[in-house]
Amino acid sequence: GAKPADAILFLCRSGGRSKAAAIAQTGTGYSKCYNIAGGFEGALDGESRRGHVGGWKAAGLPWNQS
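None of these values were measured; they are calculated from a predicted model.

Draft legend 1. Looking closely at the overall build of the protein. Of the regular secondary structure elements, the protein holds two helices and two strands. Walking the protein from its N terminus toward its C terminus, one meets helices and strands in the order β-α-β-α. Looking at the protein as a whole, 21% of its 66 residues qualify as buried. Considering only intrachain contacts with a sequence separation of at least 6, the fraction spanning at least 24 residues in the protein is 40%. Approximately 4,700 Å² of the protein is accessible, and the part contributed by carbon and sulfur atoms is 54%. For the protein, the distance from the average position of its 8 positive side-chain charges to the average position of its 4 negative side-chain charges is 7 Å.

Structure, rendered in structure tokens:
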């Protein structure tokens, strides 16, 4: 498991839940909690779809699906 001095990264679909989780985890004594801004799929585009504007996926960062 993670130790309080370890860096912990949080990622969710849009970045909202992971931000809340990072804040909550920081409140338990873990000092290096980070939210990945924009999440995995980013904000909604003009057609109300995610995955094309912002986020990990649209930035072309590595990922795979299993």
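Draft legend 2. Region of the structure containing the pattern of salt bridges. Enumeration over the complete set of coordinates arrives at one salt bridge. The salt bridge partner of Glu47 is Arg49, with a shortest N-O separation of 3.6 Å. Each of the two residues, Glu47 as well as Arg49, counts as exposed.

Basis of the calculations
- Residues numbered from 1 in each chain as written.
- Predicted model: local features only at pLDDT ≥ 70, side-chain atom pairs only at ≥ 80, totals over all residues.
- Heavy atoms only, no water.
- Helix = DSSP H or I, 4+ residues; strand = E, 2+ residues; numbered from the N terminus.
- Buried < 20%, exposed > 50% of the residue type's maximum accessible area, 1.4 Å probe, protein only.
- Contact = heavy atoms within 4.5 Å.
- Areas by Shrake-Rupley, 256 points an atom, 1.4 Å probe, with all protein chains shown as cover.
- Lys, Arg positive; Asp, Glu negative; His and termini not counted.
- Charge placed at Lys NZ, Arg CZ, Asp CG, Glu CD.
- Salt bridge = Lys/Arg side-chain N within 4 Å of Asp/Glu carboxyl O.

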